[in-house]
Structures are given as structure tokens and as C-alpha cells.
Amino acid sequence: MNFPAELKYTKDHEWVKIEGDIATVGITDFAQRELGDIVYIDINTIGSDVAEGDIFGTVEAVKTVSDLFMPLSGKVLEVNAQLDANPELVNQDPYGDGWMVKISLTEKDSAGLLSADAYQALIGA
Amino acid sequence: MFMRQFVTKSLDVFLLISHLIITQRKFMKNTALTDKHIALGAKMVPFAGYNMPVQYAGINIEHETVRNAVGVFDVSHMGEFILKGEGALALIQQVSANDAAKLFDGKIQYAYLPNKEGGIVDDLLVYRIDEKTYMLVVNASNIQKDWDWIQSFNTQGVDMKDISDRTSLLAVQGPLAAKALQSLTSIDLAAMEYYTFTKGVFAGVENVLISATGYTGAGGFEIYFDHQHSEKIWDAIFEAGAAYGIKPIGLGARDTLRLEMGFCLYGNDINDQTSPLEAGLGWVTSFNKPFTNSEALALQKQNGVANKLVGFEMVERGIPRHDYEICDADGNTIGKVTSGTQSPSLQKAIGLGYVDKAFSKIDTEIFIKIRDNKIKAKVVKLPFIKKS
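Along each chain, the written sequence defines residue order, and numbers are assigned to residues from 1. Here every chain gets a letter starting at A, and every ligand a number starting at 1, in the order they are written. Selection of residues for local features in this predicted model requires a pLDDT of at least 70, selection of side-chain atom pairs for listing and counting requires 80 or more, and totals for whole chains, interfaces and linings are taken over all residues. To obtain the side-chain values, all non-hydrogen atoms of the structure were included, while hydrogens and water were left out.

**Q** Mind showing me how you'd approach the packing of aromatic side chains here?
**A** Remark: the centre distance and the inter-plane angle together describe each pair of aromatic rings, the angle taken between the planes. Aromatic rings from Phe, Tyr and Trp, with only the six-membered ring used for Trp, were paired whenever their centres fell within 6.5 Å, and each pair was classed as stacked if the ring planes differed by under 30 degrees, edge-to-face if by over 60, and tilted otherwise. All told, the structure shown has 13 aromatic pairs over all chains when counted by the stated rule. Taking 5.8 Å as the distance between ring centres and 20° as the angle between the ring planes, the aromatic pair formed by Tyr110 of chain B and Trp283 of chain B counts as stacked. One end of the pair, Tyr110 of chain B, is in strand E5 (residues 108-114); the other, Trp283 of chain B, is in the loop between helix H8 (251-260) and helix H9 (294-303), with 173 residues separating them in the sequence. The class for Trp283 of chain B is exposed, based on a relative accessible area of 62%. Through successive ring pairs, a cluster of aromatic residues spans Phe3, Tyr9 and Tyr119 of chain A. Charge-over-ring contacts are defined here by two conditions on Lys NZ or Arg CZ: a distance within 6 Å of the ring centre and an angle within 35 degrees of the ring normal. Here the basic side chain of Lys102 of chain A rests over the ring of Trp99 of chain A, its NZ or CZ set 4.5 Å away from the ring centre. Elements are defined by DSSP. Helices are runs of H or I of four residues or more, strands are runs of E of two residues or more, and each kind is numbered from the N terminus. Partly exposed residues are those whose accessible area sits between 20% and 50% of the maximum for their type, while under 20% is buried and over 50% is exposed, using a 1.4 Å probe and protein chains only.

Here you go:
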């Protein structure tokens, strides 16, 4: 499994890429493998302010449904429109074309996020 | 008849469950082929006390393999009982709602065991080996319950044997199944009629029972044999089927395949509390003979049922799941989802659920409560896809 060193991670198996005030969020390679074939990403918080740890959407796999949690507080700016027709991108390219949302951060303190090494230790990979 | 879908609230809970599964696995039974599955990279999960492969390459691709070519499921966890003796047929007639007197040697019947309270002990297949010998194939999770239940009616000394632990079962399913397996046996597989079986030599092993049945609607065979031959037969099937693209298939795809056919899964769609008539099992209920609870069921049939198990597809976006509420346009509860998934063949979300009879007609608009939203669906005809 692949866990890029330049990304930050949460214990809820999301990854975060912070560029200035904007963060891109998706789920990890581990998460997509555990979920299996993903069929629908349901995100109805676009335009809303969502607090860290709150649910910003849901990911539906063939057999399972799982909530998505905000890694940092912010406003959901954009949802990856490609996922509507091609949810399998999350399985195929979780850190690239399978990204889920872009957030405008209201909280810049990312100290609570995990490094790639710490995340790997968490999942025992 | 198979897997229970699990709905987790967060990926964290999912991870916790994974750890519990690993702990639990130490106390679980393996099939004779568990090492093969692990070597093939299967994701293993506990199911009915067994360590079973839920998927190998992925549910969607495995599903397509079975619909379009051929795939192999290890379903050795299923239970098999042999009933032998003068009173075997009478015992089956007492516990099964279907009419086993219609069977002939080599014929199979789908049936269920009604309980005394209006529910279902289990659904099963009844095989007539000869006039005095039958094999019952039951769900893994119900082996002990079914055994005790049938024994409680065995007053005439029918010889009952539970051969589950020494019997392996491989389901080879898909439109290319007969071609893929034909080189392994002299039995003319393509000529076998649906719901018949025969015993013979298969992959050099004697006394293999080949059954033209399955739980996928894709055609194919279920092959029963003594578990000591498991690796030999598994390897022979993959070698013979290689030219046809044969692949191992997990319980995940087994569930999506059966759901597309509208086949009931015990524990999801039917259970100790569900009425067989509400579940649409009237076609395997034969009132021309007495059986357990037949009088009450006959009365229920006469009076009409209050609810019906229906198939539905989502009109708006959302995936129905077991235990989600079904409501009408005003938000009044009218029933409950019992199974649901994204159909890999239809690329639509589909489900089964019980609804108030007034909402059971084809094309009726219903709503599924998904995360507090009312998502539009409509009742459709079963099966969701045509049998190939």
C-alpha cells in the first residue's frame, strides 16, 4: 500500500493536502481497500462550514457505507465532480483523481494530523 | 442464503471490526480450501463461524465474471444432512412446506422449514438420492438449529447423518460453466436439466455429486465431494477452466448475484419471524399435504397477507441497506429494507424489502430513509435481471 510522505492523515483514514488556505481531502489507500468497490460518494455539505471531526459526506461501497469526517474545520468549496460518474476513481487513484473535496480552511493548526509514518503505524502497515 | 452486509458508521469502526475479526479468526472453522483462498489474496471474513473469502479481485469484477463467463465459489460452509430409511419421505413431508413426494431419483427441490409460530426455520434444497434416501442442504448458520428441529420430528427412527464437516461444496457458476468443466467428467453436463443431479467420477475422483443448481441465476453447477479431495478438485477445475477465464469468486459477489435474481437470503430477507407467504414463498408451499404449521399458513393465505416482500430500484441517488426504513410520500413508515446493494449488472441501486400490501404493486412510488433523507424508489418486478 502507498502512503505519500507529503500528505497528512487522520485516524479516520482520510488524507489531507494543504496548500495555503486550501486543503484537498480524500480517503487513504488502506481505506479504499477495506471498503472495496466504491459506487457512490454522497456529499451534501458543499458551501457549508463544517467543524473538524464532523461528517461532511458518506462513501458507499457495494457492501458497506461509511461516513467521511472533516480533518480540519473549514468550508467545503468543491466536490470532485468526476466522482459522480466515476466513483471507482477512489479505488483506482485514491490520492490523485480520486480526491473528494476541497476545503477553505478556517483553522490552520494541522498539528493534530498524522504523518505518513504515524498513519502507517496506526494501521499496522 | 448468504452474507450479511455490515453497515459501519465510520472507517474507524470499520478498522476496529477488522481487528476483532482477526482476533475472532483464531476460533473459527476453516474450509479445506482456506489456505488456497489466502494464497490467492482473498480478503477473508468470518461468516457463520467460518473463515470465508468475501472477495479476491473485487466484487464488481467477480460479479461480471460470473454473469459473462464462469467463476468458482467455495461454499463448503453449507450444511448437508443425509436422511435414510422407510420414514425419510414422511419426515421431510412433515418439516418441509414443499411437496417432496413430487421428487424422483436425481431431482432437487427448493423448500423451507416452517416453524410453529408462522416464521421460517431455514430455507433449503432437498435432493432425492433414492426412494428412501435424501440429502438436505441447509444454511451454514442454521446447521445446529435445523438438525435439532428435524430430529424433534423424527419419531419413526429415520437414520440422520450430518455430513457437513466432511463435505466440500464448490459452486461453479456462469454461462461457460458446462464447457469449462466438461473435460473433467464423462457426464454430459450441458444436457443436465436445471434442479437435477447425478453422481459420478469428476476430476478422477469417484462419488462426486454434480448438481445443476446455483444461487446466481447465471447457470452452472454445484459440486459436492468428500473434503479430502478439495485441493485436487479445486486445482483441476481451475486448470480445465483456464481457457474460459475461470476465476475464484467471493461471498460478496455471491450476494450481489443472488440479489439481482431476487433470491431470499436467510437472516436478511427471511428469518424465524417472517411469514413465508409474505416473503413470496407461496410457490414452494404445498397445501395438498399436512406439514408443520400448515393450517395456520393456509388460513393466512385465505385471509390474505398484510405485507409483501417486494423488489425495488432507486429512482433518486442512494444505496438501500438492510434495516433502512421504507416510507410513503408523506413520511409514514410502510416497511423495512431487508437487502440492498448497487447492482453491478444494472448499474442501479436495488433492494428487497417488506412493504404494506397497499404499496406492493409494480411501479408504486416508495421512499427509502437514507441518513434522514427520503430518497425516491419504485417497486419493480422480480427478478431484477433475466435469468441467462
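**Q** Could you clarify how one ought to interpret the sheet that holds strand E6 (residues 55-61) of chain A in this entry?
**A** Sheet strands pair via backbone hydrogen bonds, and the direction of the pair is either parallel or antiparallel. Residue and element names in this part refer to chain A. Strand pairing is assigned whenever DSSP identifies at least 2 bridges connecting the two strands. The antiparallel open sheet is built from 3 strands, whose spatial order is E4-E6-E7. Unpaired on one side and paired on the other, strand E4 (38-42) and strand E7 (65-69) mark the two borders of the sheet. Ignoring which end each strand starts from, the neighbouring axes of this sheet average 25° apart. Relative to E6, E4 runs antiparallel, the two sharing 4 bridges. Within the sheet, the bridge partner assigned to Ile41 lies in E6 and is Val59. Fitting a line to C-alpha atoms yields each axis, with helices limited to the stretch in contact; the angle taken between N-to-C directions then spans 0 to 180 degrees.

**Q** Just checking my understanding: could you explain helix H4 (residues 116-123) of chain A for this structure?
**A** For an α-helix, 3.6 residues make a turn, and residues three or four places apart therefore share a direction. All names here are of chain A. Residues of H4 that are buried include every one of Ala116, Tyr119 and Ile123, and no others. Along the axis of H4, the buried positions cluster into a sector of 65°, meaning they face one direction only. Across from the buried face of H4, at angles greater than 90 degrees, the exposed residues are Asp117 and Ala121. The contact rule is simple, with two residues in contact once any of their heavy atoms fall within 4.5 Å. In the core, the buried residues of H4 are packed alongside strand E1 (8-9) and helix H1 (29-35). Once H4 ends, the next one or two residues include Gly124, with phi positive near 70°. An arc is given here, and it is the one of the directions from the helix axis to the C-beta atoms.

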